[in-house]
Amino acid sequence: MDIQSILEQMTLEEKAALCTGASAWTTTPIERLDVPEMTVSDGPHGVRRVPDVTQMALESYPATCFPTASCLASTWDVDLVRAMGEALGEECIALDVDVLLGPGVNMKRSPLGGRNFEYFSEDPYLAGELAANFINGIQGKGIGTSLKHYAANNQEFQRFSIDAQIDERTLREIYLPAFEKAVKEAQPWTVMCAYNKVNGTFASEHDELLNKILKDEWGFEGLVVSDWGAVRDRVAALRGGLDWQMPGPQGRHVEAVVAAVENGELDEAVLDESARRILRIVAMAQATPKGGDFDKEAHHALARRVAVEGMVLLKNDGILPLKGQEQIAVIGHSAENAHFQGGGSSHINPTFVAVPYKELQALAPDAELTYAAGYPTDDSFCQELIDEAAGLAQSADVAILYIALPTFKESEGYDRTDLDLTEQQIALIKAVTAVQPKTVVVLNNGAPVVMSDWIDDVSAVLEGYMMGQAGGGAIADILTGKVNPSGKLAETFPIKLEDTPAYLNWPGGAGTVRYGEGLFIGYRYYDTKKVPGQFAFGHGLSYTTFVYGNATVSAERFTDSDGVTVSVDVTNTGDVAGKEIVQVYVRDHVAGLVRPDKELKGFAKVSLEPGETKTVKIALDFRAFAFYHPEYGQWITEDGDFDLLIGGSSADIRQTLTVTLDSSLDLPCILDEESTIYEWLADPRGKPLLEPIYIKMEAEARAMFGGGENEHHDTNGAIGMDIMDMFNDMPLVSVLMFQQHQLLAHPEDIVAGMLAQVHQA
Ligand code: BGC
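Residues numbered from 1 in each chain as written. Predicted model: local features only at pLDDT ≥ 70, side-chain atom pairs only at ≥ 80, totals over all residues. Heavy atoms only, no water.

### Observations regarding a negative patch on the surface
Then comes step 1: On the surface, Glu631, Asp672, Glu673, Glu674, Glu679 and Asp729 cluster together into a patch of negative charge.
Then comes step 2: Within the secondary structure, Glu631 sits in the loop between β24 (627-629) and β25 (634-636).
Then comes step 3: For Glu631, a relative accessible area of 53% puts it in the exposed group. (Patch = residues over 30% accessible without salt bridge, like charges linked within 9 Å, V, L, I, M, F, W, Y side chains within 5 Å. Areas by Shrake-Rupley, 256 points an atom, 1.4 Å probe, with all protein chains shown as cover. Salt bridge = Lys/Arg side-chain N within 4 Å of Asp/Glu carboxyl O. Lys, Arg positive; Asp, Glu negative; His and termini not counted. Charge placed at Lys NZ, Arg CZ, Asp CG, Glu CD. Helix = DSSP H or I, 4+ residues; strand = E, 2+ residues; numbered from the N terminus. Buried < 20%, exposed > 50% of the residue type's maximum accessible area, 1.4 Å probe, protein only.)

Structure representation (structure tokens):
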């Protein structure tokens, strides 16, 4: 397709129509110019290709339902994520889909978010790494992706309208970096804007987010598509950088665009640019012929591998793996009816579904299994089911409780109101553990549940997440020890809801949600505030043990443009092969602005035979040490010392190295009329100008208020603060005002003169 020539031949009406969908899932074709339609489908963890593209309906062709993002993220395995992307690409080809609507990289601001199961993590670095690999996997097959939902779509409450109020630094450091990394490293064909507003403007009309940051600053080359129904004012959205409105058709909006161009309200160049971006992606889609079949068995097996690597063994007193000869009471509705995906637009029609009970029996043929449902599917309470289950548990050697958080508690479209299992499930666990000390809990849910009511009474907990269609087999793999668990949490599990970072600012009201906790979500909050969690970010157990040693760094003193590489030896000291996820966090000793206690900046998953040692190397670049400074309007580094914390989780740091950074940045001067003495002294241009004045100022101040440095005595004779500590935090001009009598010029003129000099320098 010669895009420029097509664009030149297109009428205004055709361009306006192209920028809106023709149906629920397709672009508008222009037959006259041989521009075909392009088909998109949900997403993200499977292909939900509807038979009739004019319908929004949830029925779809069978496709592999892979584990959802919470489970996928817990693999921390970028190669596996890429392999899953490739499989999704193959299914798109077979099912005639040009663009898969995913991945979702919104941050898990609160575990209450109804859609957290579709998102990777509370950490932007981890989410960005995974998303980039997911996208590269799919796009490597010639199929497009849609990175969503841009930006700050972190809750379901009033998701179509809520105004997320987020300060600039928090947006840049927490809510945007996963998008930024994915765009810069993988160039998704499309980015989907969020429904909500961000700082007063709909994400679909957000010039700053769409045009300035996404397209200009990050260099996004693809098209921006609206979330389904996110466009209110089509003309404002085009101006704001929203290229393609979905779903279609939207005749009225198309007419509005035509009218706006005709009456001069919308520059036709803006429409041309959106049309050009859409044509480019339609052309890319054409390059991959569709049709054929995909390998259902192979993809089911891959889904099992992802699930087994993503499940997280949270607790184990040694009961797991099972010996295989036990009498096992299998309890829980989800043992017979796997709960493997979430409600809403991501719902996949699976090709097969592994039944957890049967899979366990298959891997433990010598064990004697009995089954009781334990809890109903609805919200009713049924003591009989509990009594029956407890009876079975009592007469068995071990009880395995399969507990799934029901969809009425967790789905797209609404947030959770608590972090609890159902009343019946909690009562069931208590009744079973009262008669059977050897109890294992297997959870299927999309986001953390609280466990303090029962965790101490159970022997083991396996977090199975929404494990995809093959997850039933993956649970059996882990319970029987066929596979050694290696997943680690990509989110913190709190002890109670009240401990969660956004608790006081969730979910907002009166049309607004204030992100009052700022940078401090997830472990950034728990670790900085020293709030204990139930299970830390990065936590996950194995059937073997790993020892870390010989941590070294490529340079103890370095510049940010060079970065450093951390090396550490990891040894499997147990009897079985296993995989360890090595994490590197960075802690800034002293910073100009408040920073979290530590932040994840690198990780690697390493596979080790018993007794084997491997050296893991993790590179840290400029961004590993930088923070976003709103006054400079950019990421900055500062000179100084940093700890590199190497460990198995955010709470399990095994080795610490300290390095010294020499910043290579030549930052613009940000001193102004309000700058304090501290700020003048901290600025390399301000300091030499202020120093001679400061010496006089200090002498004058000490003469006036008495006392030498650190020696000031208050009227009671107690040692108090140094008077200069008080002055140093005042604007220079205000301090000078106190000393006007001995100045040769007015303080305002003095400061104005100094500012002129520093800004010239
Ligand atoms: C969801 C998107 C989804 C779209 C199409 C929206 O409601 O927020 O994630 O891709 O519908 O189904």
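Having seen the structure, we can now continue with the description.
### As for the site of the ligand
Then comes step 1: Around the ligand, 14 residues are found, and the nearest of them are Asp42, Arg115, His149, Tyr195 and Asp227.
Then comes step 2: Contact distances for the ligand include 3.5 Å between an oxygen atom and a side-chain N or O atom of Glu412.
Then comes step 3: Protein burial of the ligand: of its 310 Å² of free accessible surface, 94% is covered by the chains.
Then comes step 4: Here the shell around the ligand is built from residues that sort into five nonpolar, two polar and seven charged. (Near = heavy atom within 4 Å. Polar contact = N/O pair within 3.5 Å; in protein donor to acceptor, adjacent residues only side chain to side chain. Nonpolar A, V, L, I, M, F, W, Y, C, P; charged D, E, K, R; others polar.)

### So, the nonpolar core
Then comes step 1: If you look at the biggest cluster of nonpolar residues, it comprises 155 residues, and the most contacted ones within it are Tyr150, Ile400 and Leu479.
Then comes step 2: No other element matches helix α5 (residues 124-139), which puts eight residues into this core.
Then comes step 3: Residues in contact with Ile400, not counting those within four places in the same chain, are Leu322, Ile328, Ala329, Val330, Ile331, Leu360, Val440, Val442 and Leu479.
Then comes step 4: Judged by nonpolar contacts, the second largest core, of 33 residues, contains Leu405, Leu421, Val432 and Val458. (Core = buried A, V, L, I, M, F, W, Y, C linked by side-chain atoms within 4.5 Å. Contact = heavy atoms within 4.5 Å.)

### Considerations on the pattern of salt bridges
Then comes step 1: One pass over the structure, following the stated rule, counts 49 salt bridges.
Then comes step 2: Residues Glu359 and Arg304 are paired through a salt bridge, measuring 3.5 Å at the closest nitrogen-oxygen approach. Placement of the pair is Glu359 in helix α14 (residues 356-363) and Arg304 in helix α12 (residues 296-310), with a sequence separation of 55 residues.
Then comes step 3: As a salt-bridge pair, Lys482 and Asp477 come within 3.8 Å of each other at their nearest N and O atoms.
Then comes step 4: According to the relative accessible area criterion, Lys482 is exposed, its value standing at 54%.
Then comes step 5: A cluster of three or more residues bridged by salt bridges with shared partners is formed by Arg115, Glu118, Glu156, Arg159 and Glu412.

### Some remarks on the packing of aromatic side chains
Then comes step 1: Using the criterion set out here, one finds 16 aromatic pairs in the structure.
Then comes step 2: Judged by centre distance (5.3 Å) and plane angle (90 degrees), the rings of Trp76 and Phe603 are edge-to-face. Here Trp76, found in the loop between α3 (69-73) and α4 (78-94), pairs with Phe603, found in strand β22 (residues 599-608); they are 527 residues apart in sequence, far enough to count as distant.
Then comes step 3: Pairing Tyr628 with Trp635 gives two aromatic rings, centres 5.9 Å apart and planes at 80 degrees, and the pair type is edge-to-face.
Then comes step 4: Overall, the relative accessible area of 3% leaves Tyr628 in the buried class.
Then comes step 5: Given a relative accessible area of 14%, Trp635 falls into the buried group.
Then comes step 6: Of the aromatic side chains, those joined through ring pairs into one cluster are Trp76, Tyr125, Tyr523, Phe537, Tyr585 and Phe603. (Phe/Tyr/Trp six-rings, centres within 6.5 Å; stacked < 30°, edge-to-face > 60°.)

### Let's talk about the domain arrangement of the protein chain
Then comes step 1: You can read the domains of the protein chain as domain 1 (3-286), domain 2 (308-491), domain 3 (546-662) and domain 4 (677-760).
Then comes step 2: A straight line from the C-alpha centre of domain 1 to that of domain 4 covers 54 Å. (Domains from an automatic or database assignment.)

### Considerations on the side chain of Thr170
Then comes step 1: By secondary structure assignment, the location of Thr170 is in helix α6 (residues 168-175).
Then comes step 2: Excluding residues that lie within four positions of it along the chain, Thr170 makes contacts with Tyr175, Gly518 and Leu519.

### So, the side chain of Asp477
Then comes step 1: With respect to the element layout, Asp477 can be found in helix α17 (residues 471-480).
Then comes step 2: For Asp477, a relative accessible area of 3% corresponds to the buried category.
Then comes step 3: Once residues lying within four places of it in the same chain are set aside, the contact partners of Asp477 are Arg304, Val308, Leu363, Lys482 and Val483.

### Things to note about the state of the cysteines
Then comes step 1: Summed over the entire model, instances satisfying the criterion amount to zero disulfides.
Then comes step 2: A disulfide-free cysteine, Cys92 has its sulfur positioned 14 Å from the sulfur of Cys65, the nearest such atom. (Disulfide = S-S within 2.5 Å.)

### Some words on the sheet that holds strand β18 (residues 546-553)
Then comes step 1: Read from one edge to the other, the open sheet built from three strands follows the order β18-β20-β23, with strand pairing classed as antiparallel. Either end of the sheet is taken by a strand with one partner, and the two such strands are β18 and β23 (613-620). Taken pair by pair, the neighbouring strands of this sheet meet at an average axis angle of 25 degrees, ignoring direction.
Then comes step 2: With eight bridges connecting them, strand β20 (residues 564-572) and β23 associate as antiparallel partners. Along β23, the bridge assignment pairs Ser567 with Lys617. (Pairing = 2+ DSSP bridges. Axes fitted to C-alpha atoms, helices over the stretch in contact; angles between N-to-C directions.)

### A look at the environment of Thr512
Then comes step 1: By secondary structure assignment, the location of Thr512 is in strand β16 (residues 512-514).
Then comes step 2: When neighbours within four sequence positions are excluded, Thr512 is seen to be in contact with Ile162, Asp163 and Gln165.

### Some thoughts on unusual backbone geometry
Then comes step 1: At the junction of Leu320 and Pro321, the peptide bond is cis and its omega measures out at 0 degrees in the coordinates.
Then comes step 2: For Pro321, the position within the fold is in the loop between β9 (312-316) and β10 (327-331).
Then comes step 3: In this model, Trp506 is joined to Pro507 through a cis peptide bond whose omega is -5 degrees.
Then comes step 4: If you trace the backbone, Pro507 turns up in the loop between β15 (493-494) and β16.
Then comes step 5: Phi at Gln187 takes a positive value of approximately 40 degrees, unusual for a residue other than glycine.
Then comes step 6: Looking at the element boundaries, Gln187 is found in the loop between α7 (177-186) and β5 (190-193).

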